[in-house]
Amino acid sequence: MANDDKYPVESDRRRFVKGVVGGAALSGVMATGAVTVTSATTPAGGGGGIMNYFGANRTLGPAPRSLPQIPMEITDDGELAGIWPDPETETLDDGTEFVESAEEIGGVEYTTEWFQYCGLQTFEGIVPDEDEDILFRYDAGVYDWMDEVDQDEVMHVDHFEDYDEFDTRIGDPGQGKPATGTWRSQDVPAEQTIPILVIKSDHLEPDEIDDERTAEWIEAACPEDDDGGRYIAFVSKCTHFCCVPGYRSLDGAPDFGADNKIYCNCHNSVYDPFDIVEEQFVSLPRPEDD
Ligand code: FES
């Protein structure tokens, strides 16, 4: 398991949730390392702490870790959605309460706290019990094919039927069909929009993944539809300084070997959407629960 954040590996996540790292304390943690994590933690109640997550492997550039993956589901009507478990109130040993959305998916403890970074932890849509649905919707779009759909229209499997034929001026054909969009951002201020990237591809076959835990995760988090191929989704916020990266859409990508990868042109970080890895990071607490 990669550990590019250089935080300690810790299997019992709850231990750290009980001592959530506050914003001020976190800078100290990042400067001084692992020992400080436990000694500087203070109860906050907004979720967060050290946790494992799955994401698109960071293969180049200054980004410290992978791009977090959103486990998906397809509704009975063929709509694409990101799993958002029912919120539950957790009570810490000191009586502090916080709300979390978490469940086991494919043997992995998934929590929406995976997305509490880069300021997203302050967004309304990230609050577990915020009244937002879980459907993926298109944004203005960076791909020509998205002229066929409307902004804010719900993503649907019918729009991806030609996924194996998709081609664009960057990258090779046969990589699958991407779309950009938004998630849990319908009734929030524009600056709180959560950007996402969705790809349907043949490159996500669990049988071809050596690591059993990752294969189980992909099987559960990347659904198939009747046409074959699997869907995968990511929060589109670079883990370096939070720019929105592009997949086969930014001109500079080939200069960094990112023709077929997710490329962030702010400082040239590259992520591989078909190389899913488990990593660890410090999720930030939501301020409204402090
Ligand atoms: S590489 Fe710096 S923000 Fe993405």
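Scroll up to find the structure this text is about.
On a predicted model such as this, the values are computed, not experimentally measured, just so you know.

Enquirer: What exactly am I supposed to notice about the overall build of the chain here?
Expert: What the chain contains, in helices and strands, is 4 helices and 14 strands. Sequence-distant contacts, at least 24 apart, represent 69% of the contacts inside the chain between residues at least 6 apart. Looking at the chain as shown, the accessible area adds up to about 12,300 Å², and 43% of this sits on carbon and sulfur atoms.

Enquirer: How do you make sense of the sheet that holds strand β11 (residues 230–235) when you look at a structure like this?
Expert: Whenever strands of a sheet pair, they do so through backbone hydrogen bonds, lying parallel or antiparallel. The strand order across the open sheet formed by 9 strands is β8-β9-β10-β11-β2-β1-β14-β13-β12, and the pairing between neighbours is antiparallel. The open sheet has two edge strands with one neighbour each: β8 (136–138) and β12 (246–247). Two elements, β8 and strand β9 (residues 177–183), share 3 bridges in a ladder whose sense is antiparallel. The residue of β9 that forms the bridge with Tyr138 is Gly181. On top of the sheet, helix α4 (residues 212–221) reaches β1 (49–60), β2 (67–70), β11 and β14 (269–283); it is set at about 105° to β14, its chief contact.

Enquirer: Just to check I follow, could you spell out the side chain of Gln192 for this structure?
Expert: Mapping Gln192 onto the fold places it in the loop between β9 and β10 (195–201). With relative accessibility at 16%, the residue Gln192 sits in the buried group. Those residues in contact with Gln192, other than ones at most four positions away along the chain, are Thr122, Phe123, Glu124 and Ser185.

Enquirer: Explanation requested: the pairing of strand β5 (residues 87–91) in the structure shown.
Expert: For a regular strand, side chains alternate in direction, first toward one face of the sheet and then toward the other. As paired elements, β5 and strand β6 (residues 97–105) share 5 bridges and run antiparallel to each other. Bridge pairing links Thr89 to Val99 in β6. Hairpin remark: β5 followed by β6, antiparallel, with 5 residues in the connecting loop; positive phi at Gly95, about 90°.

Enquirer: Any chance you could explain the nonpolar core here in plain terms?
Expert: Soluble, globular proteins show a tendency: their nonpolar side chains are buried together. Membership of the largest hydrophobic core comes to 55 residues, with the highest contact counts inside it found for Leu80, Trp114, Phe136, Trp145, Val198 and Trp217. With 5 residues, β11 is the largest single contributor of residues to this core. If we skip the residues at most four places from it in the chain, Trp217 touches Phe54, Gln69, Pro71, Ile105, Gly106, Val108, Tyr110, Trp114, Cys222 and Ile276. Ranked by size, the runner-up nonpolar core spans 5 residues in total, among them Ile170, Ala253, Ala258 and Tyr263.

Enquirer: For this particular structure, what's the right way to read the pattern of salt bridges?
Expert: A side chain of one charge can pair with a side chain of the opposite charge if their charged atoms are brought near each other. Applying the stated criterion to the full structure yields 9 salt bridges. Of the charged contacts, one joins Arg248 and Asp167 as a salt bridge, the two residues approaching to 3.5 Å between their closest N and O atoms. One end of the pair, Arg248, is in the loop between β12 and β13 (262–264); the other, Asp167, is in the loop between β8 and β9, and 81 residues separate them in sequence. One continuous salt-bridge network, built from bridges that share partners, spans Glu205, Glu219, Glu224 and Arg230.

Enquirer: Would you mind showing me how to read the sheet that holds β6 here?
Expert: Judged by pairing direction, the sheet is antiparallel, and its 3 strands sit side by side in the order β5-β6-β7 without closing on themselves. Of all strands in the sheet, those bounded by a partner on one side alone are β5 and β7 (108–111). Sheet twist, expressed as the mean angle between neighbouring strand axes with direction ignored, is 50°. In this structure, β6 lies alongside β7, joined through 4 bridges in antiparallel fashion. The residue of β7 that forms the bridge with Glu103 is Tyr110.

Enquirer: Can you help me understand the pairing of β11 in this one?
Expert: Taken across its 6 residues, β11 has 6 buried, putting it largely inside the fold. As defined by bridge partners, β2 adjoins β11 across 2 bridges and the pair is classed as antiparallel. Residue pairing for β11: Gln69 is matched across the bridge by Phe234. Pairing between β10 and β11: 6 bridges, direction antiparallel. Bridge pairing in β11 places Val198 opposite Ala233.

Thresholds applied
Residues numbered from 1 in each chain as written. Predicted model: local features only at pLDDT ≥ 70, side-chain atom pairs only at ≥ 80, totals over all residues. Heavy atoms only, no water. Helix = DSSP H or I, 4+ residues; strand = E, 2+ residues; numbered from the N terminus. Contact = heavy atoms within 4.5 Å. Areas by Shrake-Rupley, 256 points an atom, 1.4 Å probe, with all protein chains shown as cover. Pairing = 2+ DSSP bridges. Axes fitted to C-alpha atoms, helices over the stretch in contact; angles between N-to-C directions. Buried < 20%, exposed > 50% of the residue type's maximum accessible area, 1.4 Å probe, protein only. Core = buried A, V, L, I, M, F, W, Y, C linked by side-chain atoms within 4.5 Å. Salt bridge = Lys/Arg side-chain N within 4 Å of Asp/Glu carboxyl O.

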